[in-house]
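Fold and contact review
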Amino acid sequence: MASTSRAIGDAKNESGHTVRSLLDTVGEVSTEAETRLESAAVEVESRVGKANESLRRSSDRTLGIVGAFSVGMAIGLLLAGANRLLTTAALIPAALVAGVVLERADRATGGGRPSKS
């Protein structure tokens, strides 16, 4: 009976050590992942800003080509059965182009809505 109790106690100690080790590993990995995700987010923000500035300097014809290519790519991915996230990501350039086109149209019409008098 004493040997059984000792074996159970040893098993509990070993499992406790294993759980602590596992928690330490999870903590280290999550810290590293957090650091990588933060740097990736900063990089993505920088690249989207550069792409947006490039689109703002582009001609209307170039904007039309970029928008059409983006929508065409998204439709092709959708019809091919690609992942929804990938299909949505293919529409990001079209959304940026739409924003630039709307901004240009707003600027051309005077930049605001007429007031109700």
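Residues numbered from 1 in each chain as written. Predicted model: local features only at pLDDT ≥ 70, side-chain atom pairs only at ≥ 80, totals over all residues. Heavy atoms only, no water.

1. Some words on the pattern of salt bridges
Tallied over the full model, the rule gives six salt bridges. Close ionic contact of Asp-60 with Arg-104 constitutes a salt bridge, the shortest N to O distance being 2.5 Å. You can see Asp-60 sitting in helix 2 (residues 60–80) and its partner Arg-104 sitting in helix 4 (residues 92–108), a full 44 residues away along the chain. The class of Asp-60 is exposed, set by a relative accessible area of 57%. For Arg-104, a relative accessible area of 22% gives the class partly exposed. Bridged by salt links that share partners, the residues Glu-53, Arg-56, Glu-103 and Arg-107 form one connected network. (Salt bridge = Lys/Arg side-chain N within 4 Å of Asp/Glu carboxyl O. Helix = DSSP H or I, 4+ residues; strand = E, 2+ residues; numbered from the N terminus. Buried < 20%, exposed > 50% of the residue type's maximum accessible area, 1.4 Å probe, protein only.)

2. Some thoughts on the confidence of the model for the protein chain
Summing up the model confidence of the protein chain, the mean pLDDT is 84 and the portion of residues at 70 or higher is 81%. When pLDDT is averaged over each helix and strand of the protein chain, the minimum, 80, is found for helix 1 (residues 2–57) and the maximum, 94, for helix 2. (pLDDT = per-residue confidence, 0-100.)

3. Topic: the side chain of Asn-52
Locating Asn-52 in the fold gives a position in helix 1. Given a relative accessible area of 18%, Asn-52 falls into the buried group. When neighbours within four sequence positions are excluded, Asn-52 is seen to be in contact with Leu-96 and Val-100. (Contact = heavy atoms within 4.5 Å.)

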